[in-house]
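Each chain is listed here by its residues.
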Amino acid sequence: MASKKNVVPEAREALDRFKMEAASEVGVNLKQGYNGDLTSKQAGSVGGQMVKKMIQSYEQNMK
């Protein structure tokens, strides 16, 4: 079973900000804490946007 423990605990805040930014970009209203009321489509769109932004950042840094 995967652990939810972060390798770098200080990164939690940055990851939360990143997630909120991605959610805002796709029009999903996240709140701090539990967001179990989201549909699978909404949660997937947030995760997909996060991956898209990470790939864009990686590609920009390769140049």
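Attention here is on the structure that accompanies the text.

Before going further, it helps to examine helix 2 (residues 40–62). With 23 residues, helix 2 should cover 33 Å at 1.5 Å per step; its first-to-last C-alpha distance of 33 Å lies within 8% of that length. Of all the positions in helix 2, only Val46, Gln49, Met50 and Lys53 are classed as buried. Against the buried residues of helix 2 lie helix 1 (11–25).

The next point concerns the pattern of salt bridges. Following the criterion strictly, the structure yields five salt bridges and no others. Across the salt bridge formed by Glu13 and Arg17, the nearest N and O atoms sit 3.3 Å from each other. Of this pair, Glu13 and Arg17 both sit in helix 1, four residues apart, which is roughly one turn of the helix. Classification of Glu13 as exposed rests on a relative accessible area of 56%. Across the salt bridge formed by Lys53 and Glu21, the nearest N and O atoms sit 2.9 Å from each other. Residue Lys53 is located in helix 2, and its partner Glu21 is located in helix 1; the two are separated by 32 residues in the primary sequence.

Between helix 1 and helix 2, whose axes approach to 8 Å, the crossing angle comes to 110°. The angle between helix 1 and helix 2 falls in the class roughly perpendicular. When helix 1 is examined against helix 2, the residues Phe18, Lys19, Glu21, Ala22, Ala23 and Glu25 are found in contact with a partner set consisting of Val46, Gln49, Met50, Lys53 and Met54.

Cut-offs used in this document
Residue positions are given per chain, counting from 1 as you read along its sequence in written order. Owing to the predicted nature of the model, reporting of local features is limited to residues with pLDDT of at least 70; listing and counting of side-chain atom pairs is limited to 80 or more, with chain, interface and lining totals taken over all residues. Side-chain figures throughout are based on the complete set of non-hydrogen atoms in the structure, without hydrogens or water. Segments assigned H or I by DSSP are reported as helices when at least four residues long, segments assigned E as strands when at least two residues long, and all are numbered from the N terminus. A helix is expected to span 1.5 Å for every residue after the first. The rule is simple: take the accessible area with a 1.4 Å probe, protein chains only, and divide by the maximum for that residue type; under 20% is buried, over 50% is exposed, in between is partly exposed. The contact criterion used is simple: two residues touch if any of their non-hydrogen atoms lie within 4.5 Å. Take a side-chain nitrogen of Lys or Arg and a carboxyl oxygen of Asp or Glu: if they are within 4 Å of each other, that pair is a salt bridge. Fitted lines through C-alpha atoms give the axes, limited to the stretch in contact for helices. The angle between two N-to-C directions lies from 0 to 180 degrees. These descriptions rest on fixed angle ranges, namely under 35 degrees for roughly parallel, over 145 for roughly antiparallel, 65 to 115 for roughly perpendicular, and the rest for oblique.

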